[in-house]
Amino acid sequence: MEMINSGKLPDLLVILGPTASGKTKLAVSLAERLRGEIISADSRQVYRRMNIGTGKDLSEYKSANRDIPYHLIDMLEPGEKYHVHQFRQDFQQAFETIVKKGCLPVLCGGTGLYIESVLTDRTFTAIPVNNDLRQELDFYDKDTLLKIFHSASSVYDTQADLSTRKRLIRAIEIKYWLKAHPQEKISGITGKPINFKIYGIDPPVTLRRERISKRLRQRLDEGMIEEVEGLLEEGLSPESLIYYGLEYKYITLYCTGQLEKDAMIRKLETEIHRYAKRQMTYFRHMEKLGIPIHWLDGSHDCSRMSDLILSDLKLE
């Protein structure tokens, strides 16, 4: 692991990793030892009463010495939409609040796009979604989409991520918006760049899969199905819950009679494994963009990883 040359803390400490890797526990341990507060970088933990399925694990924020404050959790009602541009604004407000108190902001989560958005000045994330255009582009294969993207040049070309069909469609969407709004300023976060340091948890694949399967069983035992049933009983439409994906998608399909319970569990487990793989792919993409991630062996326990980070920061 690369060592830094100064014992001075960064302005922002980032803890990331795939699902079930122990991010929250590690972030809380560091926040306790460094007088920090947690900022969640999770696209679903912003919703109230979506606790088990999103893995909030709020009990982990309680430590022996003090309850660790957290931000960007339980902000919205289920059914509301939350996008990366809003996250950038909410992050900035939370970051400034924590710094003013003389504490260390610790950004923790697995939504790579959210983390990337606050570490780079990629203000194109503020451009809104165009669902009509997306439906039109959805008929084309990747080669055709590439031709559409390259049919005209723009300032966005060098920043576009064309690695997957989904990202290619988003890139075309951004280019169309820029062409239609040539005079409009794209709003973004202003101010000096944040001095950050990122630590990523990288469990061996077999251990990652074992932890995912174990946690899924635990959450089912804790009442994850009942959580989804309760949200449906509140009046949320099945479509609203399916929108949030993974646990909420497949349990909703079970609750509405579209999947048998055993089939739902098997399908959900498979999809969570795939999601963890996609998370790691996104983190590697961030590294390719020049965002340095200092990887920790995820087979270590939390205490060991916490010690390694403090040693790397020259604090112990």
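Remember, predicted model here, so these are calculated numbers, not experimental data.

Thresholds applied
- Residues numbered from 1 in each chain as written.
- Predicted model: local features only at pLDDT ≥ 70, side-chain atom pairs only at ≥ 80, totals over all residues.
- Heavy atoms only, no water.
- Helix = DSSP H or I, 4+ residues; strand = E, 2+ residues; numbered from the N terminus.
- Rg over C-alpha atoms; globule rule 2.2 N^0.38 Å.
- Buried < 20%, exposed > 50% of the residue type's maximum accessible area, 1.4 Å probe, protein only.
- Contact = heavy atoms within 4.5 Å.
- Lys, Arg positive; Asp, Glu negative; His and termini not counted.
- Charge placed at Lys NZ, Arg CZ, Asp CG, Glu CD.
- Expected span 1.5 Å × (residues − 1).
- Pairing = 2+ DSSP bridges.
- Core = buried A, V, L, I, M, F, W, Y, C linked by side-chain atoms within 4.5 Å.
- Axes fitted to C-alpha atoms, helices over the stretch in contact; angles between N-to-C directions.
- Parallel < 35°, antiparallel > 145°, perpendicular 65-115°, else oblique.
- Left-handed = near helix turned anticlockwise from the far one by under 90°.

K.L.:
Break down the overall build of the protein for me, with residues and values.
P.N.:
Within the protein, the secondary structure is distributed over 12 helices and 6 strands. Here the protein has a C-alpha radius of gyration of 20 Å; the compact-globule value for 316 residues is 20 Å, and the two agree. Principal-axis analysis of the C-alpha atoms places the extent of the protein at approximately 55 × 50 × 35 Å. Sorting the 316 residues of the protein into buried and exposed places 47% on the buried side. Within the protein, contacts between residues at least 6 apart in sequence are counted, and of these 75% link residues at least 24 apart. For the protein, the separation between the mean place of its 46 positive charges and that of its 45 negative charges on side chains is 4 Å.

K.L.:
Mind laying out helix 7 (residues 205-222), listing which residues take part and the relevant values?
P.N.:
Taking 1.5 Å of rise per residue, 18 residues should cover 26 Å, and helix 7 covers 25 Å from first to last C-alpha, within 8% of that figure. Looking at helix 7, one finds that the buried residues are Leu207, Arg208, Ile212, Ser213, Leu216, Arg219 and Leu220. Buried residues along helix 7 sit in contact with helix 8 (224-233) and helix 11 (261-288). A positive phi of about 110 degrees marks Gly223, the residue just after helix 7.

K.L.:
Run through helix 2 (residues 84-100), naming residues and quoting values.
P.N.:
Relative to the 24 Å expected for 17 residues at 1.5 Å per residue, helix 2 spans 24 Å between its end C-alpha atoms, a close match to the ideal helical length. Among the residues of helix 2, those classed as buried are Val84, His85, Phe87, Arg88, Asp90, Phe91, Gln92, Ala94, Phe95 and Ile98. Buried positions along helix 2 lie against strand 1 (12-16), strand 2 (36-40), strand 3 (70-71), strand 4 (104-109) and helix 3 (112-119). Following helix 2 by one or two positions, Gly102 has its phi on the positive side, about 80 degrees.

K.L.:
Got a sec to walk through the pairing of strand 4? Specific residues and values, please.
P.N.:
With 6 of 6 residues buried, strand 4 is to be regarded as a mostly interior element. Here strand 4 shows no split at all, with Leu104, Val106 and Cys108 on one side and Pro105, Leu107 and Gly109 on the other all buried. As judged from the 4 bridges shared by strand 1 and strand 4, these two strands associate in the parallel manner. Note on strand 4: the bridge partner recorded for Leu16 is Gly109. Taken together, the 5 bridges between strand 2 and strand 4 define a ladder with parallel strand orientation. Bridge assignment links Ser40 to a residue of strand 4, and that residue is Cys108.

K.L.:
Explain the nonpolar core to me, using residue names and the numbers behind them.
P.N.:
Counting residues in each nonpolar core, the largest one holds 52 residues, and the members touching the most others are Leu12, Ile39, Phe87, Phe91, Leu107, Ile115 and Leu268. Ranked by residue count, the leading element in this core is helix 11, at 8 residues. Once residues lying within four places of it in the same chain are set aside, the contact partners of Leu107 are Leu12, Leu13, Val14, Ile15, Ile39, Ser40, Ala41, Phe87, Phe91, Ile115 and Val118. The next biggest cluster of nonpolar side chains, apart from the first, holds 23 residues, and it includes Leu34, Tyr61, Leu296 and Met305.

K.L.:
Now, about unusual backbone geometry: what can you tell me, with residues and values included?
P.N.:
Phi is positive for Ala20, close to 70 degrees, though the residue is something other than glycine. The topology assignment puts Ala20 in the loop between strand 1 and helix 1 (23-34). The class of Ala20 is buried, set by a relative accessible area of 16%. Residue Asp74 is not a glycine yet carries a positive backbone phi of 60 degrees. Mapped onto the elements of the fold, Asp74 is located in the loop between strand 3 and helix 2. For Asp74, a relative accessible area of 27% gives the class partly exposed.

K.L.:
Give me the lowdown on the packing of helix 1 against helix 12 (residues 302-312), citing residues and values where you can.
P.N.:
For the pair helix 1 and helix 12, interaxial distance at closest approach is 9 Å and the crossing angle is 50 degrees. Here helix 1 is positioned oblique relative to helix 12, judged by the angle of their axes. Seen along the crossing, helix 1 lies across helix 12 with a hand that is right-handed. Touching Lys25, Leu26, Ser29, Leu30, Arg33 and Leu34 of helix 1 are Cys302, Ser303, Met305, Ser306, Asp307, Ile309 and Leu310, all from helix 12.

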